[in-house]
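# Architecture at a glance
Each chain, written out:
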Amino acid sequence: MAEIFINYRTGDGEKTAALIKRELSYRFGENSAFRASESIAPGTRYPEELLRSVRRSALFLAVIGPAWTRFAELRRPDDWVRKEILEAYDCGVPVVPVLEGRKTERLSGADLPTELQRLAEVQSVRLDMQNAVADLGRLGDVVADMVPSLKSQERRNRPSPCAGAVSNATGEVNGTAIQSRDITGDVGTVIKGSSGPVHTGKGDIYNNSRHVSGGRHFSGSGMTYFEGDNQGGLHQHFGDGPRREDDDR
């Protein structure tokens, strides 16, 4: 059973909702958070499943984007964003607004339907994509404090797979494996076990030919070299060339 219900409006917060779902699933377990578009199985009647999941949750996160209060649907009784929030209140589930980005202002009761004005009276949290690592961490801390049962499932000893993070897994490695994120300077590549000469990076290329005695020396901004049969020819250009009309796409 998902302890956390993530409420969002398509077109105004769905990406943030997906990021929150991924973060909470990683920190507290795959089934700890409910997000409709990925938590409801195909063929399931979603009206019943949505309301059932709200009733079973211990915490309700309402993702609020910059245009959230301006959606006309929010004032319609059949709007699912509205229905989910009201169901949470009716069932006594704590509701926490999650403000998306820096431009989303705190909710004002004057901008909300009467039934939802209590949203403006509760403390919110902010999730800014430019500070995603810290903000997701703080949101996870809020969840852990408000839902103590999740603490036993918490995985705090691993880095969060949030936006911009790099993670990798390797199987058996004979030799050295290095992973890096931010790199300053040149990056070199070492290739072992090649059946012929291999060169990466800058610098001249020296090649001892297998077919012709002597050596080959190449220098310049780039090169392509064939030795042996070549059918059809090869055309290649290095350096800055004329710009095409679609270069900025």
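One structure accompanies this document, and this report is about it. What you see is a predicted model; the values in this text were computed from it and never measured.

Before going further, it helps to examine the overall build of the protein chain. Counting its secondary structure elements, the protein chain contains five helices and seven strands. Put simply, the protein chain runs from its N terminus to its C terminus through helices and strands in the order β-α-β-α-α-β-α-β-β-α-β-β. Counted over contacts in the protein chain with a minimum sequence separation of 6, partners at least 24 positions apart contribute 65%. Per element, the accessible surface of the protein chain, about 16,700 Å² overall, is 46% carbon and sulfur.

Below, the discussion takes up the pattern of salt bridges. Inspection of the entire model under this criterion finds eleven salt bridges. Ionic pairing is found between Arg76 and Asp78, a salt bridge with its closest N-O pair at 3.3 Å. A salt bridge links Arg102 to Asp128; its shortest N-O distance comes to 2.5 Å. Remark: Asp128 occurs in the loop between strand E5 (125-127) and helix H5 (132-146) and Arg102 occurs in the loop between strand E4 (95-100) and E5; sequence separation between them is 26 residues.

Before going further, it helps to examine the sheet that holds strand E3 (residues 59-64). The five strands lie next to each other as E2-E1-E3-E4-E5, forming an open sheet whose pairing is parallel. Sheet topology places strand E2 (33-34) and E5 at the edges, where each strand pairs with a single neighbour. Sheet topology note: the E3/E4 ladder contains five bridges and is parallel. Counterpart to Ala62 in the pairing with E4 is Pro97. Strands strand E1 (4-7), E2 and E3 of the sheet are contacted by helix H3 (residues 46-56), whose axis makes an angle of about 130 degrees with E1. Docked against the sheet, H5 engages E1, E3, E4 and E5, running at close to 145 degrees with respect to E5.

Right, let's talk about the packing of H3 against helix H4 (residues 80-90) for a bit. Running from amino to carboxyl end, H3 crosses H4 at an angle of 35 degrees, the nearest separation of the two axes being 9 Å. Every pair of crossing elements has a handedness; the one defined by H3 and H4 is right-handed. Counting all contacts with H3, which are made through Tyr46, Pro47, Leu50, Leu51, Val54 and Arg55, the residues of H4 involved are Trp80, Glu84, Glu87 and Ala88. Of the residues assigned to the contact of H3 with H4, the class counts are seven nonpolar, no polar and three charged.

Here we take up the side chain of Glu100. Looking at the secondary structure, you find Glu100 in strand E4. Buried and without a salt bridge, Glu100 has Lys15 as its closest oppositely charged side chain, separated by 8.7 Å. Dropping the residues within four chain positions of it, Glu100 is found in contact with Gly13, Thr16, Ile64, Gly65, Pro66 and Leu127.

With that settled, consider the nonpolar core. One finds Phe60, Trp68, Ile85, Val95 and Leu119 to be the most contacted residues of the largest nonpolar core, which totals 22 residues. Elements with a contribution of two residues or more to this core: H3, E3, H4 and E4. Looking at this core element by element, the count peaks at four residues for H4.

Glancing now at the packing of helix H1 (residues 14-28) against H5. The interhelical angle for the contact between H1 and H5, taken along N-to-C directions, is 60 degrees, at an axis separation of 10 Å. Here H5 runs oblique to H1, going by the angle between their axes. Of the two elements, H1 crosses H5, and the hand of that crossing is right-handed. Together, Leu19, Ile20, Glu23, Leu24, Arg27 and Phe28 of H1 and Leu136, Gly137, Leu139, Gly140, Asp141, Val143 and Ala144 of H5 make up the contact between the two elements. Residue composition of the contact of H1 with H5, by class: eight nonpolar, two polar and three charged.

Next up on the list: the packing of aromatic side chains. Taken as a whole, this structure holds two aromatic pairs when the rule is applied. With a centroid separation of 5.0 Å and 15 degrees between ring planes, the pair formed by Phe5 and Phe34 is classed as stacked. Here the residue Phe5 occupies a position in strand E1, and Phe34 occupies one in strand E2, the gap between them amounting to 29 residues. An identical accessibility class is assigned to Phe5 and Phe34; each is buried. The interplanar angle of 10 degrees and the centroid separation of 5.3 Å between the aromatic rings of Phe5 and Phe60 together place this pair among those described as stacked. Here Phe5 is found in strand E1, whereas its partner Phe60 is found in strand E3, with 55 residues between them in sequence. Among the aromatic residues, those joined into a ring-pair cluster are Phe5, Phe34 and Phe60.

Next up on the list: H4. Within H4 the residues assigned to the buried category are Val81, Arg82, Glu84, Ile85, Glu87, Ala88 and Tyr89. Where H4 is buried, its residues contact E1, H3, E3 and E4. One or two steps after H4, the chain reaches Gly92, where phi turns positive at roughly 75 degrees.

Each value, and the rule that gives it
Residues numbered from 1 in each chain as written. Predicted model: local features only at pLDDT ≥ 70, side-chain atom pairs only at ≥ 80, totals over all residues. Heavy atoms only, no water. Helix = DSSP H or I, 4+ residues; strand = E, 2+ residues; numbered from the N terminus. Contact = heavy atoms within 4.5 Å. Areas by Shrake-Rupley, 256 points an atom, 1.4 Å probe, with all protein chains shown as cover. Salt bridge = Lys/Arg side-chain N within 4 Å of Asp/Glu carboxyl O. Pairing = 2+ DSSP bridges. Axes fitted to C-alpha atoms, helices over the stretch in contact; angles between N-to-C directions. Left-handed = near helix turned anticlockwise from the far one by under 90°. Nonpolar A, V, L, I, M, F, W, Y, C, P; charged D, E, K, R; others polar. Buried < 20%, exposed > 50% of the residue type's maximum accessible area, 1.4 Å probe, protein only. Lys, Arg positive; Asp, Glu negative; His and termini not counted. Core = buried A, V, L, I, M, F, W, Y, C linked by side-chain atoms within 4.5 Å. Parallel < 35°, antiparallel > 145°, perpendicular 65-115°, else oblique. Phe/Tyr/Trp six-rings, centres within 6.5 Å; stacked < 30°, edge-to-face > 60°.

Purely geometric numbers; function is a separate question.
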